[in-house]
Amino acid sequence: MNSTNVRADFPGLRELTYLNMGTHGLMPEPALRRYQAAIASYEQIGYFAHYELEAAREQARARMAALINALPEAVALTGNANDGINLVAAGLAWHPGDEVLVSDQEHPALESPFGYRATRGELVLRRFHVGATAAETLANVEQALSPRTRLLAFSYISCQTGTRLPAAAICQLARGRGVQTLVDGAQALGQFPLDVAALGCDYLASNGHKWLGGPKGTGLFYLRPELLDELRPAHVGAGSLRPEQAAPELLPTAARFEFGTRTLPLWVGMNAALDWWEERGFEPLQTHMQAMSARLKAQVLERPQLQLLTPLDWEDSSALASFRVAGQPDSIALLKWLWEQRIVVRAVTEQKAIRISTACFTNDEDLARLFTALDGIATLHG
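Residues numbered from 1 in each chain as written. Predicted model: local features only at pLDDT ≥ 70, side-chain atom pairs only at ≥ 80, totals over all residues. Heavy atoms only, no water.

### Focus: the overall build of the chain
No. 1: Of regular secondary structure, the chain possesses 12 helices and 13 strands.
No. 2: Against the compact-globule benchmark of 21 Å for 382 residues, the chain has a radius of gyration of 21 Å, which places it among compact chains.
No. 3: Across the 382 residues of the chain, 55% fall into the buried class.
No. 4: Contacts in the chain between residues far apart in sequence, at least 24 positions, make up 69% of those at least 6 positions apart.
No. 5: Each charge class in the chain was averaged separately, 34 positive and 41 negative side chains, and the resulting centres sit 3 Å apart. (Helix = DSSP H or I, 4+ residues; strand = E, 2+ residues; numbered from the N terminus. Rg over C-alpha atoms; globule rule 2.2 N^0.38 Å. Buried < 20%, exposed > 50% of the residue type's maximum accessible area, 1.4 Å probe, protein only. Contact = heavy atoms within 4.5 Å. Lys, Arg positive; Asp, Glu negative; His and termini not counted. Charge placed at Lys NZ, Arg CZ, Asp CG, Glu CD.)

### Here we look at the sheet that holds strand β9 (residues 306-308)
Working definition: the strands of a sheet are paired by backbone hydrogen bonds and lie parallel or antiparallel to each other.
No. 1: A sheet is described by the order of its strands in space; here four strands give the open sequence β9-β10-β13-β12, paired in antiparallel fashion. Strand pairing shows two members of the sheet lacking a second neighbour, β9 and β12 (346-348), which therefore form its edges. Adjacent strand axes in the sheet meet at a mean angle of 35°, parallel and antiparallel pairs treated alike.
No. 2: Where helix α10 (residues 282-301) meets the sheet, its contacts fall on β9, β10 (320-325) and β13 (353-357), and the angle it forms with β9 comes to roughly 135°.
No. 3: On the sheet, helix α11 (residues 331-340) packs against β10, β12 and β13 and is oriented at approximately 165° with respect to β12. (Pairing = 2+ DSSP bridges. Axes fitted to C-alpha atoms, helices over the stretch in contact; angles between N-to-C directions.)

### Some remarks on the packing of aromatic side chains
No. 1: Here the structure, examined in full by the defined rule, presents 10 aromatic pairs.
No. 2: With 6.5 Å between their ring centres and 20° between their planes, Phe323 and Phe371 make a pair best called stacked. Separated by 48 residues along the polypeptide, Phe323 in strand β10 and Phe371 in helix α12 (residues 364-380) bring together distant segments of the chain.
No. 3: The class for Phe323 is buried, based on a relative accessible area of 0%. (Phe/Tyr/Trp six-rings, centres within 6.5 Å; stacked < 30°, edge-to-face > 60°.)

### A few points about the nonpolar core
No. 1: Judged by nonpolar contacts, the single largest core of 64 residues is most densely connected at Ile68 and Leu152.
No. 2: Examining the composition of this core, we find that eight residues originate from one element, helix α9 (residues 265-280), more than from any other.
No. 3: Leave out the neighbours within four places in its chain, and Leu152 touches Leu101, Phe128, Val141, Leu145, Ile170, Ala174, Val179, Gln180, Thr181 and Leu182.
No. 4: Residues Ile85, Phe114, Ala186 and Leu231 belong to the second largest nonpolar core, which totals 27 residues. (Core = buried A, V, L, I, M, F, W, Y, C linked by side-chain atoms within 4.5 Å.)

### Examining α9
No. 1: Helix length check: α9 (16 residues) gives 23 Å between terminal C-alpha atoms against 22 Å at 1.5 Å per residue, within 8%.
No. 2: Extensive coverage of α9 is indicated by the burial of 12 of its 16 residues.
No. 3: Residues of α9 that are buried: Pro265, Leu266, Trp267, Val268, Gly269, Met270, Asn271, Ala272, Ala273, Leu274, Trp276 and Trp277.
No. 4: Buried residues along α9 sit against α1 (3-8), α2 (29-45), α3 (50-67), β2 (75-78), β8 (219-223) and α10.
No. 5: Phi for Gly281, located one or two positions after α9, is positive at around 95°. (Expected span 1.5 Å × (residues − 1).)

### Section: the pattern of salt bridges
No. 1: Applying the stated rule across the entire model yields 25 salt bridges.
No. 2: Where Glu278 meets Arg63, a salt bridge forms, and the shortest distance between an N and an O atom there is 3.1 Å. Taken as a pair, Glu278 in helix α9 and Arg63 in helix α3 lie far apart in primary sequence, 215 residues in all.
No. 3: Residue classification places Glu278 among the partly exposed residues on the basis of a relative accessible area of 48%. (Salt bridge = Lys/Arg side-chain N within 4 Å of Asp/Glu carboxyl O.)

Purely geometric stuff here, so don't read any function into it on its own.
Pasting the structure below:
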């Protein structure tokens, strides 16, 4: 992969060392220009652009569905992964004593919707521990499952440590116990191929604004078609109902979870981002991310003042890597100090660590600037 050509499409990198794709992705400049033009058109000529933008939305639905090996009819377009998680939390009919099992490394986007309902007495929220190995994690899940477990919800990749959970094995275990599964794919989509059929999950939520570099406000929600009538929409309106019916009747597809006036130019931007990826090749870009992750972790291990929290093997990890810095337990203060050096990372307060995203544009110079800064702060406070 020609990293120079890739980086040229991200002009912000001239001023920043951007190592936080796992929070807010950067849009490649060609995609951003098309997105901005679509916004201008919609705001300038209004409904005259509506049908063309609707066609772009349906194209994006088909392409996003293909990314996870699903039928378009099984995919709802949302604003983010949190939207999809809330569709499950609000849409299932909970019974007294129902348990939801989540991991102990969850983002609030997954934990909060169920935690909120737990405080209202609608369900019981329990956790399993993400182990040092996939086998240990799977054993922890099996031990935590109970006859009351209704749903097992977990992130494919931990936002805290970058650990890749054994998602397919977890889903298979749950299915054998009659437990539904919800996979948060927010950190997985774009990092490596996803296949909901191979995973065997019942629901999957993700977004387009992280690793894919799509606009903020783009997401997807997948559900197994057999569960369409089991999950009740909490909100309905124009777009979610069959038109011209005497009584409100839901659409027979996952689009029933979409309602009201939407920001249609978002999907022009998402299509443009996917075009950018396809033109450069998903495989070489993802291979580059994997290689840079390995280089990052190798340099962490070379420094005794740094403690790596992420597994070394790619199959058990991701392009997210987290580590602690000796003498720097305040990860927010460390993040702010790095930001002053124009180095953008994410603080992981739960682990007293910082997290690095190695994106499709990350290069060795980015890593060198990061470790030069960290070596300097270690000397300064040593």
